[in-house]
Amino acid sequence: MTTPICDYVTEYALSGKARLHMPGHKGVTLHGLEPFDITEIEGAGYLYSDTGIIAESEQNASILFGTGRTLYSTEGSSLSIKAMLGIAVTSLKKENERPLILACRNSHKAFLDAACLLDLDVEFIMQSTPSPSLCQCFITPNDVRSAIESSPKKPLAVYVTSPDYMGNILDIAGIKAVCKEYGLPLLVDNAHGAYLKFLKKSLHPIDQGADICCDSAHKTLPVYTGGGYLHISGNADERFFDDPKGVMSLFASTSPSYLIMQSLDICNRVLSSEFPTLLETAVSKVKQTRQEIADMGFDTLGKEPMKLTILPRGFGYTGDELAAHLRENDVECEYSDPYSLVLMPSPYTPDKDYERLLYALSLLNRKPPIEGLPLLTPKPIRRMSIREAMLGRAGMVPTGDAVGLICARTAVSCQPSIPIVTAGEEITEQAVRVMREYGVERVAVTI
Ligand SMILES: Cc1ncc(COP(=O)(O)O)c(C=O)c1O
């Protein structure tokens, strides 16, 4: 597979030309990668153009992912999510009608930011059973059907997160079938699932029927932080293809990182060669490790093949306590909270790191279980639109004083930026309890 961006930049870096253009480091090596960090000079293309070496590289990615069109993002899924919603709105919005999106409650902050910027109304689909994490919203095709049928007006689209941060994968094919019945496009936050395309049998949302999805390439593929994709299915509404780059550029920097674009470019070559085999081996390794963790007596969560989520309270530890123990033993996790701990290996994780993890876990003595599931976020009570609340005046108050007030920014459990209360919703006593549980001490309210 060709690597047009890498080829161009390498040739330029070796050319010795006078760099009388941005960036200011002029290729002088301070950090290490400066010679390859260029800007949009003649021949280097422009990220938001439909032609040139970047578009050529994106076409390679589109072939690999089997999409109608794939766009690069150098600002992660956070940018792709805004672009995805922007494309849905500019393609489908009816005149004089406020667009409404049905979205699962564990939507990432970027989705809520998009709702503010695009002035969207959002009806949330909630998980109907108690959840072991705020990050989980395990909804079924039937939940989506009920949400569509009880929606105050016809939504523009359905938006779901799959896989979620915990490693749960939704029934995308089933959800798509419901969407199709009602003539609605399915938008998927697949930030955690770029690699799903390269499993023996693809579980990638585009192959499961999603019309459009974002992938954070950097989360699961060998790509620099910030590298991502926006994929549009070949079966999507033809209006989605009108000017997707123009829409993406509305939300993006005009100085995209060439280091990240080279990383996406070279990744195409890896994906088209050794990656599927490396992945197959890694999937077996993760499966075996999950089993060994379960055999030690820990509960695990999720069916995503490359994620290891431990629920350690049954073993007598909170997720944060377990994270601290692992840290003391030179193992750094992806995420922890009072209930869970998330580990993200990849095909590039050496065997010795699995061994270190298992050894560290084996050092723990079992203690009496810590009872309780996370507090449930109560059904949201919307008092004003997301945009009105987010763009209005706001002040910070201690969380305990916020009961009855209206949330002005999205109050998130940080990380992974999943909302407890979204902007424009009333802050209830229950919401305050949940915020305290996740360490949110102050909250922005409308004034
Ligand atoms: C579910 C989900 N969606 C979107 C994002 C944003 O992705 P990025 O960091 O690539 O902008 C994240 C980040 O953690 C996430 O967990």
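Basis of the calculations
Residues numbered from 1 in each chain as written. Predicted model: local features only at pLDDT ≥ 70, side-chain atom pairs only at ≥ 80, totals over all residues. Heavy atoms only, no water. Helix = DSSP H or I, 4+ residues; strand = E, 2+ residues; numbered from the N terminus. Rg over C-alpha atoms; globule rule 2.2 N^0.38 Å. Areas by Shrake-Rupley, 256 points an atom, 1.4 Å probe, with all protein chains shown as cover. Lys, Arg positive; Asp, Glu negative; His and termini not counted. Charge placed at Lys NZ, Arg CZ, Asp CG, Glu CD. Phe/Tyr/Trp six-rings, centres within 6.5 Å; stacked < 30°, edge-to-face > 60°. Buried < 20%, exposed > 50% of the residue type's maximum accessible area, 1.4 Å probe, protein only. Lys NZ or Arg CZ within 6 Å of the ring centre and 35° of its normal. Contact = heavy atoms within 4.5 Å.

### Observations concerning the overall build of the protein chain
Step number 1: Counting its regular elements, the protein chain contains 15 helices and 15 strands.
Step number 2: The globule rule puts the C-alpha radius of gyration for 447 residues at 22 Å, and the 22 Å found for the protein chain is close to it.
Step number 3: When the accessible surface of the protein chain is split by element, carbon and sulfur atoms take 52% of a total near 19,000 Å².
Step number 4: A distance of 3 Å separates the average location of the 42 positive side-chain charges in the protein chain from that of its 54 negative side-chain charges.

### Here we look at the packing of aromatic side chains
Step number 1: Counted according to the given criterion, the structure contains 10 aromatic pairs.
Step number 2: Here the aromatic rings of F65 and F198 are separated by 5.2 Å at their centres, their planes lie at 80°, and the arrangement is edge-to-face. Taken together, the residues span a long stretch of sequence, with F65 in helix α2 (residues 53-65) and F198 in the loop between β5 (186-189) and α7 (205-208) at a distance of 133 residues. Summarising the burial analysis for this pair, F65 and F198 share the class buried.
Step number 3: An aromatic cluster is defined as three or more aromatic residues linked by ring pairs; in this entry it consists of F65, Y72, F198, Y229 and F275.
Step number 4: Directly above the aromatic system of F124 lies the positively charged group of R105, at a separation of 4.6 Å from the ring centroid.

### Focus on the environment of A282
Step number 1: Mapped onto the secondary structure, A282 falls in helix α11 (residues 275-295).
Step number 2: In this structure A282 comes out as buried when scored by relative accessible area, which is 7%.
Step number 3: For A282 and A431, which are 149 residues apart along the polypeptide, the C-alpha to C-alpha distance reads 39 Å.
Step number 4: With residues up to four places along the chain from it excluded, the contact list for A282 reads M306, S346, P347 and Y354.

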